[in-house]
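# Structure at a glance
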Amino acid sequence: MNDTSPGYVRSLRPWDAALIVVGGIIGGGIFLNPGIVAQRTESGLALLLMWVAAGVLTLIGALCYAELGARRPHAGGTYVYLREAFGPLAGFLFGWTMLLVIYSGSSAAVATIFASYAAALFGLPPAWALPLTVGALVFVGGINLFGIRLGAQIQNLFALLKLLAVAVLVVCGLFLAGAGHGQVLAADPARSGVGFISAALPVLFAYSGFTYLNNLAGEVRDPQRTLPRALTLGMLLVIGAYALVNVAYLAVLGHAGLAASSAPAADVMQQVAGPVGAKVIALGVAISTLGFCNITLVAGARVLQVMGEDGLFFRAVARLHPRWRTPNTALLLLSGWAIVLALSGSYGQLLDYATFGDWLACAVGVGTLFWYRRHDRASGGFRVPGYPWLPLLFIAAVTVVVVLSLRDNPRNTGIGLLIMAAGVPVYAVWRRLFSRTLP
């Protein structure tokens, strides 16, 4: 069960794996989305409950993925689980959507956030935004062409720096500006009667990305022990960080002030330390978003590489570099498409498609756990506690969010579904042309 695709080197240690989980989740969402969540909740208590509840839900999903990773400790993650449980079409549809919008769209959109903060940090004119976006994608793609070990070291640095940025924000909010603030949990009369469930969408976006480590399972040491520990530790770190950051926002701005803020992290630091504080948090957000783009592209490249091995994508992407043992062709392809999406200027919509598609894929991925429990009973390793109730709870909760997304934003989510559905005829054509190589 510890075998993987020929050529991958298991060099990721437990701490590397945990920081990949942290880096795959913490991007720009926690620095921007709490203001949107405040607009959709009626009190500080409701806001904090939403962030903690979404964190617990994501932890349940991570525990399910820990079992899946322990059962199939190979590169490819969700693609492998869907292909084995539901057949090659299901795997292809995931890879198709991942390439077109989920991973590439997320990278393009978050790279744009990096560019805006980097430009503000260095006082650059708006015209620099697009070159900085492209430069960020080229940089994170380029550093991972030279082996997972170098990429992991840089990813560790990104993750530790973003945790430092979170710590600075919390300390400044709670102990400097927010000391003695008594309105953290108070109700906001202006938001009385607003919906609670609609706040789940921006919160879940901030928690998305916990599945990325499974894509890299073929390069994790002792994966059947490391994956469950890393996913659990990484998720607990993220939940704690998110809860503390939101308490800091409420302590400084109050619920009403948070609801009126489009950049709460910058507003908090501006209030605490003036222009210097704003520069500090701009640097933190830039580092955080750059780290997110890094792990997204690295994880997605492994999916494409395994698809190429299976004959569900071009054979060229299945090749590993003879020295660095990295899927460089797949990495260049995914990075290049992310750059095209960034240049198109449609990244805002693509982010909606990506969030919707990512959580839908997570729910279907967790659903494969029931197939594995029935057909792979002898497999040893980690087992998700509370089976089958916790996996069912996760699937049900994500289903509710997906239905609400279709109701509240039918255009973007509908387009996202059409992109997925378009993969069916593409798969049929591919199978007709390359049927000898397919399962």
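The sections below set out a description of the structure shown in this document. (Residues numbered from 1 in each chain as written. Predicted model: local features only at pLDDT ≥ 70, side-chain atom pairs only at ≥ 80, totals over all residues. Heavy atoms only, no water.)

Looking now at helix α4 (residues 44-71). With 28 residues, α4 extends 41 Å from end C-alpha to end C-alpha; this agrees with the ideal 40 Å at 1.5 Å per step. Along α4, 23 of the 28 residues are buried, which leaves the element largely enclosed by surrounding structure. (Helix = DSSP H or I, 4+ residues; strand = E, 2+ residues; numbered from the N terminus. Expected span 1.5 Å × (residues − 1). Buried < 20%, exposed > 50% of the residue type's maximum accessible area, 1.4 Å probe, protein only.)

Evaluated as defined, the whole model comprises 19 aromatic pairs. Between Trp 51 and Tyr 242, the ring centres sit 5.5 Å apart and the planes meet at 90°, which makes this aromatic pair edge-to-face. Of this pair, Trp 51 sits in helix α4 while Tyr 242 sits in helix α11 (residues 223-259), and the two are 191 residues apart along the sequence. Like Tyr 242, Trp 51 is buried. Centroid distance Trp 371 to Tyr 372: 5.1 Å. Interplanar angle 85°. Geometry classified as edge-to-face. On the basis of relative accessibility, which here comes to 26%, the residue Trp 371 falls in the partly exposed class. Joined through ring pairs, the aromatic side chains of Tyr 65, Tyr 81, Phe 210, Trp 359, Trp 371, Tyr 372 and Phe 394 make up one cluster. Here the basic side chain of Arg 373 rests over the ring of Tyr 387, its NZ or CZ set 3.9 Å away from the ring centre. (Phe/Tyr/Trp six-rings, centres within 6.5 Å; stacked < 30°, edge-to-face > 60°. Lys NZ or Arg CZ within 6 Å of the ring centre and 35° of its normal.)

Before going further, it helps to spend a moment on empty space enclosed by the protein. Taken as a whole, this structure holds three cavities of 30 Å³ or more when the rule is applied. Estimated volume of the largest cavity: approximately 60 Å³. Lining the largest cavity are Ile 25, Gly 27, Gly 28, Gly 29, Val 110, Phe 205, Ala 206, Ser 208 and Phe 292. Class assignment of the residues belonging to the lining of the largest cavity gives a composition of five nonpolar, four polar and no charged. Considering only enclosed or pocket space, the second largest cavity measures out at about 60 Å³ in volume. Secondary structure elements with two or more residues in the lining of the second largest cavity: α8 (148-177) and α12 (264-310). For the lining of the second largest cavity, the residue count by class is six nonpolar, four polar and no charged. (1 Å grid on protein atoms, 1.4 Å probe; cavity = no way out; pocket = protein on both sides within 12 Å on 5 of 7 lines; lining within 4 Å. Points joined across faces, edges and corners; volume = space filled by probe spheres on them. Nonpolar A, V, L, I, M, F, W, Y, C, P; charged D, E, K, R; others polar.)

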